[in-house]
Amino acid sequence: MTGPSPALAVHRLSFRYGKTPTLDSLSFDVCSGVVTILLGLNGSGKTTLFSLLTRLFAPDSGRIEILGMDLHQTGSSALRHVGIVFQQTTLDLDLSVAQNLLYFAALQGMGRKEAVLRMTEELEALDLADRLDHKVRTLNGGHRRRLEIARALMHQPSLLLLDEPTVGLDIDARKSLVAQLHDLVRRNDIALLWATHLIDEVREDDTLLILDKGRLLAAGAAGELVKQSGKADLVEAFAYYRTAKA
Amino acid sequence: MNAAMAWRAFRGVALREVLRFFRQRGRFLAALVRPLVWLVIFAAGFRAALGLSIEEPYETYTTYEVYIVPGLIGMVQLFNGMQSSLSMVYDREMGSMRLLLTAPLPRWFLLLAKLFAGVAVSLLQVYAFLLISRVYGVHIPLDGFVGVLPALILCGLMLGALGLLLSSLITQIENFAGVMNFVIFPMFFLSTALYPLWKMAESSPLLERICAINPFSHAVELLRFALYGKLNVMSLGVCLACTMVFFIAAVWSYNPRRRFHSSRTG
């Protein structure tokens, strides 16, 4: 018996910068209604992986499938189903919240009416409705991150890719964003791949992928991986996997 | 690619460029002041020193101010093309370029949209300059304002495509000063923008040959002829060919396999 096909399937993906292997034969799936956390220290290859998943780079070998479509064969059209929040902000600071969202909607080919409707819905869902005409430059870090998430959801993607979305946020803003994203995945049944180096953002029932020096060291439910390691918590389990499989 | 969706994306990119342009009032002012300084100060000083014979497309003796106007239009478009390139490097460093390049449209189409958006902005600058020049007293035929439009679009595309290509090759915004020294100044001064070819030949046949093969010279001559309702076929051919070559090279440079994004953080 086979389960539902994953929103994102990565098969034996490899990538090098010059002669340095950055990603080494990665394979994993990301399914709908599940938060999948890609946990790795800085330099582990998370951002490079995101560049491959978003077609900014092309892989040296391996395959990426989004909803069953091969990303590098179908080209950019597969990205229609993907919402992306990069680690580095991609907002235009001198445009207003509305102008940023409408620009994105235009890039997605959305009509004006639909764009305005979706913009209102997403801003309300992320408590930003009162900021519509504010210049992005005037928003604080937490609001900017939520705006980027609202923007990534404008076209109702099936797969959401977040590269360290909580970087630079204070503890309260981080907690709030983590809760909002878990709620979002459950409510909308979307697939979420979330890259982070912050272990406290991982919940027990999240699917966890541990990445180190471009290699996938462990994959499975976070709680299960802790149990399998025989360690007391995820912090120790993470250290265990990194040393045991180095 | 659905045509309606592509059009919306195209319009979105153009609208953003125009919004950014109007937001940066200093840029508009600089775009106007630069050629006006040349027209009002430089040309006035050189009018007496530089005698110009009758040659196509002119049908009578022309003042130096009249001669220099097409070159200054080219200058506006050259600087605008490089400004677009600078803004792409800036967008890439600030991350907003990723948003464009991860849109679900072919990359060549997104770059073409960006290119046309840059041309739209350059047209605003050129027509503002032409109007001021006319008010200042430089005789430019009124029907030339309309006749020059296709040439302006083509020259804008050519210089914008060159800017696009350069933006893919420049890894850091700090390196952009090199573009001023090694691209803008040589292109402008080694062209027919300020002096006709025969004048160059009088002082140096080598300079004349360099000017003759400079694509910017052909852009200037295409504009000069178009302003007087004439077509310079040779310049048209060179501008079309250069636009194609620069644009294809830019699309190649922005190919994911070229890995022009250098940021590696996580």
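Each remark here, short or long, concerns the structure printed above.
Residues numbered from 1 in each chain as written. Chains lettered and ligands numbered in written order. Predicted model: local features only at pLDDT ≥ 70, side-chain atom pairs only at ≥ 80, totals over all residues. Heavy atoms only, no water.

Asker: Could you clarify how one ought to interpret unusual backbone geometry in this entry?
Answerer: Note: most peptide bonds trans; most residues except glycine with negative phi. Residues and elements named next belong to chain A. One non-glycine residue, Ser25, lies in positive phi territory at about 50 degrees. You can call Ser25 partly exposed: its relative accessible area is 29%. Here Lys213, not a glycine, exhibits a phi torsion of approximately 50 degrees, which is positive. Mapped onto the fold, Lys213 is located in the loop between strand E9 (207-212) and strand E10 (215-221). (Buried < 20%, exposed > 50% of the residue type's maximum accessible area, 1.4 Å probe, protein only. Helix = DSSP H or I, 4+ residues; strand = E, 2+ residues; numbered from the N terminus.)

Asker: So what exactly am I meant to see when it comes to a nonpolar patch on the surface here?
Answerer: Residue and element names in this part refer to chain B. A surface patch of nonpolar side chains, amounting to about 540 Å² of accessible area, comprises Leu29, Val33, Val37, Val40, Ile41 and Tyr136. When residues in the nonpolar patch are grouped by element, the largest group, five residues, is from helix H2 (residues 25-46). Note on placement: Val40 falls in helix H2. Residue Val40 is classed as partly exposed on the basis of its relative accessible area of 34%. (Patch = residues over 30% accessible without salt bridge, like charges linked within 9 Å, V, L, I, M, F, W, Y side chains within 5 Å. Areas by Shrake-Rupley, 256 points an atom, 1.4 Å probe, with all protein chains shown as cover. Salt bridge = Lys/Arg side-chain N within 4 Å of Asp/Glu carboxyl O.)

Asker: In this structure, what is going on with the sheet that holds strand E6 (residues 82-85) of chain A? I would like to understand it.
Answerer: Residues and elements named next belong to chain A. Taken together, the six strands give an open sheet; going across it, the order is E6-E7-E8-E3-E9-E10, and neighbouring strands pair in mixed fashion. Looking at which strands have only one partner, the edges of the open sheet turn out to be E6 and E10. Direction aside, the axes of adjacent strands within the sheet are offset by 15 degrees on average. Relative to strand E7 (residues 159-163), E6 runs parallel, the two sharing four bridges. Bridge assignment links Val85 to a residue of E7, and that residue is Leu162. Across the sheet, helix H5 (residues 141-153) is in contact with E6 and E7; its angle to E6 comes to roughly 165 degrees. Contacts from helix H7 (residues 222-229) reach E9 and E10, with the element oriented near 110 degrees to E10. (Pairing = 2+ DSSP bridges. Axes fitted to C-alpha atoms, helices over the stretch in contact; angles between N-to-C directions. Contact = heavy atoms within 4.5 Å.)

Asker: Just to check I follow, could you spell out the packing of aromatic side chains for this structure?
Answerer: Each aromatic ring pair is specified by the distance between its two centres and by the angle formed by the two planes. Residues and elements named next belong to chain B. On inspection of all chains with the given rule, the structure shows 19 aromatic pairs over all chains. With a centroid separation of 6.1 Å and an interplanar angle of 20 degrees, the aromatic rings of Trp7 and Phe10 are classed as stacked. Of this pair, Trp7 and Phe10 both sit in helix H1 (residues 3-23), three residues apart, which is roughly one turn of that helix. For Trp7, a relative accessible area of 48% translates into the label partly exposed. Relative to Tyr64, the ring of Phe42 has its centre 6.4 Å away and its plane inclined at 45 degrees; by these criteria the two rings are tilted. Highlighted residues: Phe42 in helix H2 and Tyr64 in helix H3 (residues 64-94), separated in sequence by 22 residues. (Phe/Tyr/Trp six-rings, centres within 6.5 Å; stacked < 30°, edge-to-face > 60°.)

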